[in-house]
Amino acid sequence: MSEPATLELISDGLTEDEVIFPPGDILSDEPPLESDLHREQIDLLIRILKLWWRERQDFYASGNLTIYYSPNQKKSEHFRGPDFFIVLGTEKKDRKSWVVWQEDGKYPNLIVEILSSSTAAIDKGLKKQVYQDTFRTPDYFWFDPVTMELQGFHLVDGKYQEIQTTTDGRLWSQQLELYLGVYEGKLRFFTTENQLILSSEELAEQESLRAQQADERAQQAEERAQLAEQEIARLRELLRIQGIDLENI
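Residues numbered from 1 in each chain as written. Predicted model: local features only at pLDDT ≥ 70, side-chain atom pairs only at ≥ 80, totals over all residues. Heavy atoms only, no water.

Novice: How should the overall build of the protein be read in this particular structure?
Specialist: On a plain count of helices and strands, the protein comes out with four helices and 12 strands. Expressed as a percentage of the 249 residues in the protein, the buried residues total 40%. Taking all contacts inside the protein whose residues are at least 6 apart in sequence as the whole, residues at least 24 apart take part in 61%. Entry remark: accessible area of the protein is about 14500 Å², with carbon and sulfur atoms responsible for 49%. (Helix = DSSP H or I, 4+ residues; strand = E, 2+ residues; numbered from the N terminus. Buried < 20%, exposed > 50% of the residue type's maximum accessible area, 1.4 Å probe, protein only. Contact = heavy atoms within 4.5 Å. Areas by Shrake-Rupley, 256 points an atom, 1.4 Å probe, with all protein chains shown as cover.)

The structure is reproduced here in structure tokens:
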């Protein structure tokens, strides 16, 4: 498994008067999302993964959140805001942003960008280069919620190699040990057995359906029992009319 980069401190020759040094707690500085599709997709990925890994305490999953990664620890330079990212081997807690130099130099293990007409070129070009060369993020994916385009890359010897799709059109993430694929127009996670990982709403709906089916089976069983009792009563009456007393048989 590839490991993401850690921060290496360097100097660019700037003085303290030329830069803005960050406070200890830096807020995210990401612009509003472009559409409901983007917001819903990012939120869906975050909620499902947190639910799937609810017993784990060693990861951070977020989206549309600024990652500050200046090697000189300056808020005024070097920051990106992936649409969705996961950092492994870290403390599971809420954050206002991801500040690399405050997180033991850790970068994301996986990044997903949700494409749009205005960001696709940057996501496929500049950002891909940054995630490969600077972040050294092992798994990088992009998904277009309009065209359903899904592509993924895994870092091999410092360079991104395209991940080959399965026969189901899914892509394997070595970092998550899960598949990514499109289901009903949304980017979703799948298990190694290719089972869709359900959201909390889907799980609730599934449980409701199971309860409804159980009620229907119970009702059908009760109706069958009533019909059986009616049939027995009819046969008893028929025998009585014929002068046959079941008690004496």
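Next comes the rest of the account.
Novice: How should helix 1 (residues 36-52) be read in this particular structure?
Specialist: Since the α-helix packs 3.6 residues into each turn, any two residues three or four apart lie on the same face. In a regular helix each residue adds 1.5 Å, so 17 residues correspond to 24 Å; helix 1 covers 24 Å between its end C-alpha atoms and thus fits that length. If you check which residues of helix 1 are buried, you get His38, Gln41, Ile42, Leu44, Leu45, Ile46, Ile48 and Leu49. Where helix 1 is buried, its residues contact strand 1 (59-62), strand 4 (84-88), strand 6 (110-114), strand 7 (139-143), strand 11 (178-183) and strand 12 (186-190). (Expected span 1.5 Å × (residues − 1).)

Novice: Mind showing me how you'd approach helix 3 (residues 126-135) here?
Specialist: Those residues of helix 3 lying buried are Lys127, Val130, Tyr131, Gln132 and Phe135. Positioned one or two residues after helix 3, Arg136 has a phi angle of 50°, which is positive.

Novice: Quick question: what am I supposed to make of the pattern of salt bridges here?
Specialist: Two side chains carrying opposite charge are able to pair once their charged atoms lie near each other. Under the defined criterion, the tally for this structure stands at 12 salt bridges. In this structure, Lys93 and Glu91 form a salt bridge, with 3.9 Å as the shortest nitrogen-oxygen distance. Judged by relative accessible area, which is 41%, Lys93 ranks as partly exposed. Overall, Glu91 belongs to the partly exposed group, its relative accessible area being 48%. Ionic pairing is found between Arg170 and Asp168, a salt bridge with its closest N-O pair at 4.0 Å. Residue Asp168 is classed as partly exposed on the basis of its relative accessible area, which comes to 46%. Several salt bridges converge on common partners, so that one network encompasses Asp43, Arg47 and Glu201. (Salt bridge = Lys/Arg side-chain N within 4 Å of Asp/Glu carboxyl O.)

Novice: How do you make sense of the nonpolar core when you look at a structure like this?
Specialist: Note on soluble globular proteins: their nonpolar side chains tend to be buried together. By size, the foremost hydrophobic cluster in this structure holds 26 residues, and its most contacted members are Leu49, Phe84, Ile86, Val112 and Phe189. For this core, the secondary-structure elements that each account for two or more residues are helix 1, strand 1, strand 4, strand 6, strand 7, strand 11 and strand 12. Counting residues per element, this core draws most heavily on helix 1, at six residues. Among residues more than four places away in sequence, those in contact with Phe189 are Leu45, Ile48, Leu49, Phe84, Leu176, Leu178, Tyr179, Leu180, Gln195, Leu196 and Ile197. Trp98, Val100, Tyr107 and Phe135 belong to the second-largest nonpolar core, a separate cluster that totals 20 residues. (Core = buried A, V, L, I, M, F, W, Y, C linked by side-chain atoms within 4.5 Å.)

Novice: Even after reading the chapter, I still don't get the environment of Glu184, so can you show me in this structure?
Specialist: Its location among the elements puts Glu184 in the loop between strand 11 and strand 12. A distance of 3.4 Å separates a polar atom in the side chain of Glu184 from a polar atom in the side chain of Tyr183. (Polar contact = N/O pair within 3.5 Å; in protein donor to acceptor, adjacent residues only side chain to side chain.)

Novice: Whenever I open this one, the sheet that holds strand 10 (residues 171-173) confuses me. Can you help?
Specialist: Strands pair in a sheet through their backbones, by hydrogen bonds, and they do so in one of two ways: parallel or antiparallel. Reading across from one edge, 10-11-12 is the order of the three strands in this open sheet, with antiparallel pairing throughout. Each having just a single partner strand, strand 10 and strand 12 make up the two edges of the open sheet. The mean angle between the axes of side-by-side strands here comes to 35°, regardless of whether they run parallel or antiparallel. Docked against the sheet, helix 1 engages strand 11 and strand 12, running at close to 10° with respect to strand 12. (Pairing = 2+ DSSP bridges. Axes fitted to C-alpha atoms, helices over the stretch in contact; angles between N-to-C directions.)

So far we have only geometry, and geometry alone does not tell us how the molecule works.
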